[in-house]
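The chain contents come next:
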Amino acid sequence: MIILGVSGLYHDSAAAIIDENGIIAAAQEERFTRVKHDNRLPANAIKYCLKEAGVSPREIDEVVYYDKPLLTLDRYIKNVIMLGSESEYLIDSKLDDVVMNRLSVDRNLRKIMGVLGKEDRLLTVEHHMSHAASAFYPSPFKSAAILTIDGVGEWATTTIGKGEGGKIEIMEQIDYPHSLGLFYSAFSSFCGFKVNSGEYKFMGLAPYGEPEFYELIKNEIIDIKADGSFHLNLDYFDFHKGSSMTNQRFADLFGGPARRMETRITKREMNIAASCQKVTEEIISLLARHAKEITGENSLCMAGGVALNCVANGKVLSENEFDGIWVQPAADDSGGALGCALYTLYEKFGVKRRVEKCDSQQGSFLGPSYDEETVTGFLDENIISADHYDSEEALCDAVAGCIAEGKVVGWFQGRMEYGPRALGGRSILGDPRKEDMQSKMNLKIKHRESFRPFAPMVLRERVSDYFEIDSESPYMLMVAGVKQERRCGTLKSGSEDMLLIVNEKRSDIPAVTHVDYSARLQTVDEARNPLTYKLLKSFEKLTGCPVLINTSFNVRGEPIVCTYVDAYRCFMRTEMDVLVLGRYVLKKEEQPAFSDDGSEVHYELD
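These figures come from a predicted structure and were not determined experimentally.

## Structural notes on the overall build of the protein chain
- Counting secondary structure elements, the protein chain contains 20 helices and 21 strands.
- On C-alpha atoms alone, the protein chain measures out to a radius of gyration of 23 Å, which is about the 25 Å that the 2.2 N^0.38 rule sets for 606 residues.
- By sequence separation, contacts in the protein chain at least 24 residues apart represent 72% of the contacts at least 6 residues apart.
- As displayed, the protein chain has an accessible area near 22700 Å², and 48% of this comes from carbon and sulfur atoms.
- The positive charge centre, built from 70 side chains, and the negative charge centre, built from 92, are 1 Å apart in the protein chain.

Printed below as a string of C-alpha cells:
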C-alpha cells in the first residue's frame, strides 16, 4: 500500500510518501528549487519521494491532495458576493489562482507524474483534516484532542477534533474571515515583516516590548469568548478584499502608518508585537482548554501554521491541562502533504494504526541523504581540503573542540529535516556560553536582524538542569524559561537601543537566552538523533555544558540547504569557520578560492 500526499498552491508546498509500515519520505519543494516558501506544485519533492520509495507513478495506490478546490472556490465566490462593488481587486488578483490553478490540480499533477497512480485519479482531503491527521496519526497518543489553527483552508481557520485509533472527528470549527493566523499575519505585516515568512520574527520581537495595546486590541479588533472562539472586526482589515492586510483605520488606531521593511524598529513595533502575542497566547490557551472539555481527552495534538508559535505552545504546556502535547514538526502547509496521505491510509483503507512510544515522525529526518562516496567524489573533483575521521567519536570530539574555541560550525549529517526547523541534520552550531555569539551569528553568518534569538539544543537528560521544563521538545516547538539560578543581569527591555539589549549577558548560556529569559529549546535524545547526541556529549565532556546553539543551515532569504553542494556554497559565502560533511571536516582558511561561477550574492528579504 503506497500513498503519495501532495500540498501546494498556497505556500510551502511539499510531498510525502507512506506505506502501511510508516513514513518513507517527505520534503518541501523549496529545498530543491532554492525558492523560499515555494508554493508551486512540488515536482522535485515528488520525484525525490518516488525515488526514495523505489516506485514509479503507476505503482502508487493513491495520489492525494491536501485541500478541496471546489470548497475553496465556494469561499471565493461568496466572498466576492459579500464585497459587492469592493470585489474588483479580489477578482483581478485571485481569479486565475482559484479557478485555473486549484481546479486544475489533477491535470497539472499529471504533467509532472504522467499518471496519478494505479487508478489515475486524484483524491482530495479537506485542508484542516489534513492538518489534523498530520498532528494525530504520527503522535505517541492512542487518543487525543486535536487543535488546528492557521490562516485559512477552504473555509475553516480553526478546528477542534478528536482522534482515536485510526479515526478523526472534527467537532467544532471557526470559519473565514475570522482567522487567528490572518490576525497575527496582519499585525506582523503592519510592523514591517513579510506575510507567511516573517511571523516568527514578530514572535521573537515580542519580548522586547510591553503589551501596551493589549486592551485596545481586545476592545476594538477581536472579540474573544470564554471558549476561545473569536470574531474579527473587519473594519480594520483588508485581507478579505485581496489587497493589503490592514487599512488606514488600523494605522490610525496604532498611531501612524505601518513600518516599512528594513527600516528601524521602534518601541511602538516592540509593544505591538508584545500585545498581539499576548492576545494570541490567550486565545490558544482558551481553545486548548475548550478542546479538553469537549473531547474529554488528556493529550493534545496541534498543527496548522499558528502551531509554530512555540511561545504559545510553551504556555499551554506550562498550564498543565494535558498529560502530553505533540505538535507536528511540519505544522505549516508542508505538513498537509503527510496528513492527507495518512488520512487516506487509515480512513479509506482501514489500515490499523500503530502507536510508537516516542512518535512515528522519525525525528522528522525524512528528506534526502548522501553517502560518503558521493561526498568524497565532490571534494576530490573540486580539490577541496578536508580532514577525515574514521569514527564518530573522533569526529565529535574534534568538532566539539572547534565549537569550544568559538568557531561557528556548519553541521551537515544524514537525512534532511521535514518542516521549517533544523534539528541536527542541516544545522549551524555555536557555543552558547559566549556573549557575542548571537549578534555574530546573526550579522556575519545568517545576514539577518541582530535581535532574532537562537535556539539551544540540549541533551534530553540534562534539560531540567538548564530550563524550567522536564519534558522533551525534540522538534524545537516549545519555549521554556532558563532556570532561575542560571540567570544574571538586569533586563534593559525598556531601551530603544536593540543592540544594547541583545548583547546583554542574561545567563550562563547568554547566546540562547532571549530578553525575557526564555529559550525555544530542542531536546536531543540518542534514539532520534544519535550523532548529534554524541556531539553534545563530547561538548559536555570538554566544557561541562550540554547545550549548543542550533540554527538552520541557510542565510537570510534562502531555504535550508538540501545537498552537500548547497552546504559548501553557504559555507564559503559566509564567515562560517568550519563545515562538517558527514565525517569530513573542512576549515575555512584551508579552502581554495571560491568564485561561485562569478554570480553575485543577493540576500533577499524574508
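There is more to say after this.
## Quick look at the environment of leucine 586
- You can see leucine 586 is positioned in strand S21 (residues 584-587).
- Residue leucine 586 is classed as buried on the basis of its relative accessible area, which comes to 0%.
- Setting aside its immediate chain neighbours within four residues, leucine 586 contacts Leu379, Ile384, Ser385, Ala386, Tyr568, Phe571, Asp577, Val578, Leu579, Leu581 and Gln591.

## Comments concerning a negative patch on the surface
- A contiguous patch of negative charge, built from Asp371, Glu372, Glu373 and Asp390, is present on the exposed surface.
- Along the chain, glutamate 373 falls in helix H14 (residues 372-381).

## Quick word on empty space enclosed by the protein
- The final tally for this structure, using the stated rule, is one cavity of 30 Å³ or more.
- Space inside the largest cavity adds up to approximately 60 Å³.
- Looking at the largest cavity, the residues that line it are Gly363, Phe365, Leu423, Pro474, Tyr475, Gln522, Thr523, Val524, Asp525, Arg528 and Asn529.
- Split into classes, the residues belonging to the lining of the largest cavity amount to five nonpolar, four polar and two charged.

## Points about the side chain of threonine 344
- Position of threonine 344 among the secondary structure elements: in helix H13 (residues 334-348).
- With sequence-adjacent residues up to four places away left out, threonine 344 is seen in contact with Ile3, Glu62, Val64, Leu123, Val125 and Phe349.

## Thoughts on the sheet that holds strand S11 (residues 299-303)
- Sheet architecture is open: five strands sit in the order S8-S7-S6-S11-S12, paired in mixed fashion. At either end of the open sheet lies a strand with only one pairing partner, and these are strand S8 (167-175) and strand S12 (324-327). Neighbour to neighbour, the strand axes of the sheet diverge by 20° on average, direction disregarded.
- Of the strand pairs in this sheet, strand S6 (residues 143-149) and S11 are connected by four bridges, and their pairing is parallel.

## A few points about the environment of proline 510
- Assignment of secondary structure puts proline 510 in the loop between helix H18 (498-502) and strand S18 (518-524).
- On a C-alpha basis, the gap between proline 510 and proline 453 in space is 10 Å, while along the polypeptide they are 57 residues apart.
- When near neighbours in sequence (up to four residues on either side) are disregarded, proline 510 contacts Pro432, Arg433, Lys434, Glu435 and Lys505.

## Description of the pairing of strand S1 (residues 2-7)
- The buried count for S1 comes to six of six residues, which makes it a mostly enclosed element.
- Judged by which residues are buried, S1 turns out to be covered on both faces: Ile2, Leu4 and Val6 on one side and Ile3, Gly5 and Ser7 on the other are all buried.
- With six bridges connecting them, S1 and strand S2 (residues 14-19) associate as antiparallel partners. Note that in S2 the partner of isoleucine 3 across the bridge is isoleucine 18.
- Where S1 folds back onto S2 in an antiparallel hairpin, the turn is made up of six residues, including leucine 9, whose phi is positive at roughly 80°.
- Relative to strand S4 (residues 62-65), S1 runs parallel, the two being bridged by four bridges. Bridging from a neighbouring strand, glycine 5 pairs with valine 64 of S4.

## Observations regarding unusual backbone geometry
- Cis peptide bonds are those with omega within 30 degrees of zero, and the linkage from tyrosine 176 to proline 177 qualifies with 10°.
- The residue proline 177 is located in the loop between S8 and helix H7 (180-190) in this model.
- Of note, the phi angle at glutamate 262 is positive, near 75°, even though the residue is not glycine.
- Overall, the relative accessible area of 45% leaves glutamate 262 in the partly exposed class.

## Quick word on the packing of helix H11 (residues 267-295) against helix H12 (residues 310-318)
- At a closest axis distance of 9 Å, the pairing of H11 and H12 adopts a crossing angle of 45°. Overall, the two elements H11 and H12 adopt an arrangement that is oblique. Between H11 and H12 the crossing geometry is right-handed. Packed against H11, whose contacting residues are Gln277, Glu281, Glu282, Ile284, Ser285 and Ala288, the element H12 presents Val311, Ala312, Lys315 and Val316 at the interface.
- For the contact of H11 with H12, a count of residues per class yields five nonpolar, two polar and three charged.

## Examining the packing of aromatic side chains
- According to the stated counting rule, one finds 25 aromatic pairs in the structure shown.
- Each member of the aromatic cluster is reached from another via a ring pair, and the members are Tyr176, Phe183, Phe187, Phe190, Phe213, Phe237, Phe239, Phe250 and Phe254.
- Sitting over the face of the ring of tyrosine 10, arginine 102 holds its NZ or CZ atom 4.0 Å from the ring centroid.
- The side chain of arginine 249 reaches across the aromatic face of tyrosine 236, ending 4.7 Å from its centre.

What counts and how
Residues numbered from 1 in each chain as written. Predicted model: local features only at pLDDT ≥ 70, side-chain atom pairs only at ≥ 80, totals over all residues. Heavy atoms only, no water. Helix = DSSP H or I, 4+ residues; strand = E, 2+ residues; numbered from the N terminus. Rg over C-alpha atoms; globule rule 2.2 N^0.38 Å. Contact = heavy atoms within 4.5 Å. Areas by Shrake-Rupley, 256 points an atom, 1.4 Å probe, with all protein chains shown as cover. Lys, Arg positive; Asp, Glu negative; His and termini not counted. Charge placed at Lys NZ, Arg CZ, Asp CG, Glu CD. Buried < 20%, exposed > 50% of the residue type's maximum accessible area, 1.4 Å probe, protein only. Patch = residues over 30% accessible without salt bridge, like charges linked within 9 Å, V, L, I, M, F, W, Y side chains within 5 Å. Salt bridge = Lys/Arg side-chain N within 4 Å of Asp/Glu carboxyl O. 1 Å grid on protein atoms, 1.4 Å probe; cavity = no way out; pocket = protein on both sides within 12 Å on 5 of 7 lines; lining within 4 Å. Points joined across faces, edges and corners; volume = space filled by probe spheres on them. Nonpolar A, V, L, I, M, F, W, Y, C, P; charged D, E, K, R; others polar. Pairing = 2+ DSSP bridges. Axes fitted to C-alpha atoms, helices over the stretch in contact; angles between N-to-C directions. Parallel < 35°, antiparallel > 145°, perpendicular 65-115°, else oblique. Left-handed = near helix turned anticlockwise from the far one by under 90°. Phe/Tyr/Trp six-rings, centres within 6.5 Å; stacked < 30°, edge-to-face > 60°. Lys NZ or Arg CZ within 6 Å of the ring centre and 35° of its normal.

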